[in-house]
Amino acid sequence: MPDWLIRGAAHIWRPYTQHALAEPALPVVATEGCRIILADGRELIDGIASWWTACHGYNHPQIRAAVSAQLARMPHVMFGGLAHEPGYGLAARLAALVPALPHVFFSDSGSVGVEVAMKMALQMWLNRGETGRVKFLSFLGGYHGDTLGAMSVCDPEEGMHGLFGPALAAQHVVALPREAASEAALDDVLARHGREIAGIIVEPLVQGAGGMVFHEPAVLRRIRAAADAHGVPLIFDEVFTGFGRTGHFFVGPELGVLPDIMVVSKALTGGTMGLAATLASPAIFAAFHQDRAEAALMHGPTFMANPLACAAANASLDIFAATDWRAAVARIAAGLRTGLAPLGGHEGVRDVRVLGAIGVVELAGRPDLAALKREFLARGVWVRPFRSVVYLTPAFTIDPESQAKLTGAVVDVVRDYGKKRLF
Ligand SMILES: *Cc1c(COP(=O)(O)O)cnc(C)c1O
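Quantities reported herein were computed from a predicted structural model and do not represent experimental measurements.

### A short note on the overall build of the chain
Stage number 1. Within the chain, the regular secondary structure consists of 14 helices and 16 strands.
Stage number 2. The C-alpha atoms of the chain give a radius of gyration of 22 Å, which matches the 22 Å a tight globule of 423 residues would have.
Stage number 3. Seen through its principal axes, the chain has C-alpha atoms that stretch 65 × 55 × 45 Å.
Stage number 4. Across the chain, every contact between residues at least 6 apart in sequence was considered, and the portion connecting residues at least 24 apart equals 71%.
Stage number 5. For the chain, the computed accessible surface area is about 18300 Å², with 59% contributed by carbon and sulfur atoms.

Here you go:
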């Protein structure tokens, strides 16, 4: 074990980790492409692209060069009262990608991007003189981040936050309108409580951290129609789905179901550093655009539009523009389908599903996650199952051989899980 790991381990507080039970974190010394290189020289094939951020693979030369050049000129400057090209340029590019949402607010993480979206919706009503619109409507199975406001719109039983329920703002949480009964339930909540609802928030097509659960575009159309019927703004949280992961660059805009506010983050900088953007429609922006100073949006992160992060994001958009990422995602989808197919109907497997560059194996029962993780590690792959879900979200640049190793490892490990009930 490296010296720094031993010295720091007594002081580092790890994410979602029970320190009394967890094995030590693995020391990483470098990353390259779709590989994670450990201190002892082992190389792991990365199945999850660092929580779906590293869409072009690690250390992409173009992103590295852009960040280095920006670093030499100006790593950071405050955004209050000052402007810089990386930030203004990125805002214009994002707006060009989603012309219906041309007003862009930057922050530093997905959770904060969601908080900003919620504040936009809340203050829009306040600025219009409607003071009773103080609640949100969100959906079972949803995940929108770890800060208090974002937690309040997550699934209330969500494993990561259930504990905090009593401390959170009470919101309306309903089932996604997948069929007539849940559609009626959504309409009913809006009919009864619509006048206190400031906004509706949903992850389009994929509920990610809530269990990698997919739904049909028709569900989004129903939610859009319900929001319109009650004049409530609709927020799409595309923090997970944005930037090609599902096969759509952004889900809502490509399906023709436009939200009023959209949040993107995870893959925005190609996995280089934290940055989020909250995009708003002209109607939302207009509610703030008045000759009263106090109607301004009351938010401003210290590191807002950090130039290094914006430079990375601009370079990432250049890479998307210059590569056939749709073909890459389609190839990954096909590889995931064939690679994971042997698990369909297998004992211990509840479901196998693929959407874009997302492959999911849902296990029956509650597996011993630590044991599963050890099995994956022993096979030289970095796969992190959570709850009963084993998933792969590799970089779009992964080579077919590495991808086959990932799916092969998942098939191996899950077969053992089903056969021997070892885990
Ligand atoms: C990860 C995630 C967030 C939170 O982003 P952070 O950068 O971790 O704060 C919010 N919404 C969705 C859909 C996410 O996947």
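### Remarks on the sheet that holds strand β13 (residues 349–355)
Stage number 1. Ordered by their spatial adjacency, 3 strands build an open sheet running β13-β14-β16, and the pairing between neighbours is antiparallel. Looking at strand neighbours, the two that pair on one side only are β13 and β16 (389–392), the edges of this open sheet. Taking each pair of neighbouring strands and ignoring which way they run, the sheet shows an average axis angle of 10°.
Stage number 2. Of the strand pairs in this sheet, β13 and strand β14 (residues 358–363) are connected by 6 bridges, and their pairing is antiparallel.

### Some words on the domain arrangement of the chain
Stage number 1. Domain parsing of the chain yields domain 1 (3–59 + 324–419) and domain 2 (62–322).
Stage number 2. Placing the centre of domain 1 and that of domain 2 at their C-alpha centroids yields a distance of 27 Å.
Stage number 3. The interface is formed by 28 residues belonging to domain 1 together with 33 residues belonging to domain 2.
Stage number 4. Interface area lost by domain 1 to domain 2 is led by Trp-52, His-56 and Trp-325, which between them contribute 28%.
Stage number 5. Counting across the interface, domain 1 meets domain 2 through 1 salt bridge.
Stage number 6. Taking the shortest distance from any N to any O, the salt bridge between Arg-326 and Glu-254 comes out at 3.0 Å.
Stage number 7. Summed over the shared surface of domain 1 and domain 2, the number is 11 residue pairs in polar contact (both at pLDDT 80 or more).
Stage number 8. At the level of secondary structure, the elements contributing two or more residues to the side of domain 1 that touches domain 2 comprise α2 (49–52), α12 (325–340), β13, β14 and β16.
Stage number 9. Of the residues belonging to the side of domain 1 that touches domain 2, the class tally is 18 nonpolar, 5 polar and 5 charged.

### Focus: the site of the ligand
Stage number 1. Around the ligand, the surrounding shell consists of Trp-52, Ser-109, Gly-110, Ser-111, Tyr-143, His-144, Gly-145, Glu-203, Asp-237, Val-239, Phe-240 and Lys-266.
Stage number 2. Ser-111 is positioned such that a nitrogen or oxygen atom in its side chain is 2.6 Å from an oxygen atom of the ligand.
Stage number 3. With respect to the ligand, the side chain of Asp-237 contributes an N or O atom lying 2.7 Å from a nitrogen atom.
Stage number 4. Partitioned by chemical class, the residues of the shell around the ligand number 4 nonpolar, 5 polar and 3 charged.

### A few points about helix α8 (residues 217–230)
Stage number 1. Between its first and last C-alpha atoms α8 spans 20 Å; for 14 residues at 1.5 Å apiece the expected length is 20 Å, and the two agree.
Stage number 2. Considered for burial, the residues of α8 that qualify are Val-219, Leu-220, Ile-223, Arg-224, Ala-226 and Ala-227. For α8, the buried positions fall inside an angular range of 165° around the axis, keeping them on one side.
Stage number 3. For α8, the secondary structure elements touched by its buried residues are β5 (135–139), α7 (180–193), β7 (197–202), β10 (234–237) and α9 (251–255).
Stage number 4. Residue Gly-231 follows α8 closely and has a positive phi angle near 65°.

### Describing the sheet that holds β10
Stage number 1. What the 7 strands build is an open sheet, ordered β4-β12-β11-β10-β7-β5-β6; its pairing is mixed. Of all strands in the sheet, those with a lone pairing partner are β4 (103–107) and β6 (172–174), marking the two edges. Between one strand axis and the next, the sheet turns through 20° on average, direction left out of account.
Stage number 2. Two elements, β5 and β7, share 3 bridges in a ladder whose sense is parallel. From the neighbouring strand, Leu-137 faces β7, where its bridge partner is Ile-200.

### Observations concerning the packing of α7 against α8
Stage number 1. Where α7 contacts α8, the two axes come as close as 11 Å, and the packing angle between them is 20°. What the angle tells us is that α7 and α8 run roughly parallel. Relative to α8, α7 is oriented so that their crossing is right-handed. On α8, the residues touching Glu-183, Leu-186, Asp-187, Leu-190 and Ala-191 of α7 are Arg-222, Ile-223, Ala-226 and His-230.
Stage number 2. Here the residues of the contact of α7 with α8 are counted per class, giving 5 nonpolar, 1 polar and 3 charged.

### Comments concerning the pairing of strand β12 (residues 276–280)
Stage number 1. Counting buried residues in β12 gives 5 out of 5 residues, a clear majority hidden from the surface.
Stage number 2. Bridging between strand β11 (residues 261–264) and β12 involves 4 bridges; their strand directions are antiparallel. Residue pairing in the sheet places Ile-261 in a bridge with Ala-280 of β12.

What counts and what doesn't
- Residues numbered from 1 in each chain as written.
- Predicted model: local features only at pLDDT ≥ 70, side-chain atom pairs only at ≥ 80, totals over all residues.
- Heavy atoms only, no water.
- Helix = DSSP H or I, 4+ residues; strand = E, 2+ residues; numbered from the N terminus.
- Rg over C-alpha atoms; globule rule 2.2 N^0.38 Å.
- Contact = heavy atoms within 4.5 Å.
- Areas by Shrake-Rupley, 256 points an atom, 1.4 Å probe, with all protein chains shown as cover.
- Pairing = 2+ DSSP bridges.
- Axes fitted to C-alpha atoms, helices over the stretch in contact; angles between N-to-C directions.
- Domains from an automatic or database assignment.
- Buried area = accessible area lost by both parts, 1.4 Å probe.
- Salt bridge = Lys/Arg side-chain N within 4 Å of Asp/Glu carboxyl O.
- Polar contact = N/O pair within 3.5 Å; in protein donor to acceptor, adjacent residues only side chain to side chain.
- Nonpolar A, V, L, I, M, F, W, Y, C, P; charged D, E, K, R; others polar.
- Near = heavy atom within 4 Å.
- Expected span 1.5 Å × (residues − 1).
- Buried < 20%, exposed > 50% of the residue type's maximum accessible area, 1.4 Å probe, protein only.
- Arc of directions from axis to C-beta.
- Parallel < 35°, antiparallel > 145°, perpendicular 65-115°, else oblique.
- Left-handed = near helix turned anticlockwise from the far one by under 90°.

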